[in-house]
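Descriptive structure summary
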Amino acid sequence: MEIDRKALVREAFLAGKKAYAPYSGFQVGAALLTGDGSVYGGCNIENASYGACNCAERTAFFRAVFEGKREFSAIAIVGKAADAAEYDYCPPCGICRQVMAEFCDPDSFEIILARSETDYRSYRLGELLPLGFTGSSMEDKN
Ligand code: THU
């Protein structure tokens, strides 16, 4: 299925408006495209106990998985400080890359980092998480 990157980035910007980020002031939005063409938005959700903060990407994944989705094609991510005038590329954190690796093909899943609907960079999961640890890492290969 052809990915409408511009539309996915637009959804990520909308999702970012829902960020709950009173501690960092850094607002992140993500839009996750499933294999069957649906889109799940996510925002970061912070907590006074900082370790309980959840990133936008994981919010999107957990929403989608709860809805029964298991196939994913791409995720668009946007982020900026609340008082910043413009967005800059916001790469996913290591924990979010690991969550992506649980569900997504490293060679095909696309991660789109956007500054605007027309200014974005696209990566494959395997580029951002080379030699990732997955379920198959625990299989007996002998
Ligand atoms: N954050 C995300 O939501 N996604 C990322 O890819 C990077 C970081 C959030 C977590 C926290 O709420 C804030 O940005 C600052 O780290």
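Everything discussed here concerns the structure shown above.
Here the structure is a predicted model, which is why all the values come from computation and not from measurement. (Residues numbered from 1 in each chain as written. Predicted model: local features only at pLDDT ≥ 70, side-chain atom pairs only at ≥ 80, totals over all residues. Heavy atoms only, no water.)

**A word on helix α2 (residues 56-66)**
As a reminder of what qualifies: Relative accessibility decides the category of a residue: with a 1.4 Å probe and only protein chains considered, values under 20% of the type maximum give buried, values over 50% give exposed, and everything between is partly exposed. Where helices and strands are cited, they refer to DSSP runs of H or I of at least four residues and of E of at least two residues respectively, numbered from the N terminus. By definition, residues are in contact when any of their heavy atoms lie within 4.5 Å.
Those residues of α2 that fall on the buried side of the exposure criterion are A56, E57, R58, T59, A60, F61 and A64. On its buried face, α2 is in contact with β1 (26-34), β2 (39-43), β3 (72-81) and α3 (94-103). Of the residues trailing α2, G68 is marked for its positive phi of about 95°.

**Topic: the site of the ligand**
Put simply, the test is: A single heavy atom is enough: if one lies within 4 Å of a molecule or strand, its residue is considered near that molecule or strand. Any pair of nitrogen or oxygen atoms within 3.5 Å is treated as a polar contact; in protein, a donor-acceptor pairing is required on top of that, and neighbouring residues in sequence qualify only through side-chain atoms on both sides. A 1.4 Å probe and the Shrake-Rupley method give the accessible areas. Residues count as covered only by the protein chains that appear here.
Taken together, S24, F26, V28, N44, E46, C55, A56, E57, P91, P92 and C93 are the residues near the ligand. Within the contact set of the ligand, an oxygen atom lies 2.9 Å away from a side-chain nitrogen or oxygen of N44. In the environment of the ligand, an oxygen atom lies 2.5 Å from a nitrogen or oxygen atom belonging to the side chain of E46. Burial of the ligand by the protein chains amounts to 78% of its free accessible area of 380 Å².

**A few points about the packing of aromatic side chains**
Cut-off, in case you're wondering: For this analysis, a ring pair means two rings from Phe, Tyr or Trp (six-membered ring only for Trp) whose centres lie within 6.5 Å, classed as stacked if their planes differ by under 30 degrees, edge-to-face if by over 60, and tilted for the remaining angles. Here, a charge over a ring means that NZ of Lys or CZ of Arg falls within 6 Å of the ring centre while also lying within 35 degrees of the ring normal.
For the structure on display, the rule yields 6 aromatic pairs. Summarising the aromatic geometry, the rings of F72 and F103 are spaced 6.1 Å apart at their centres and angled 80° between planes, so their arrangement reads as edge-to-face. Taken together, the residues F72 in strand β3 and F103 in helix α3 connect sequence positions 31 residues apart. The buried category is assigned to F72, whose relative accessible area is 10%. According to the relative accessible area criterion, F103 is partly exposed, its value standing at 27%. Seen from the ring of Y87, K80 lies directly overhead, with NZ or CZ sitting 5.7 Å from the centre.

So, to be careful, I would describe these as geometric facts and stop short of saying anything about function.
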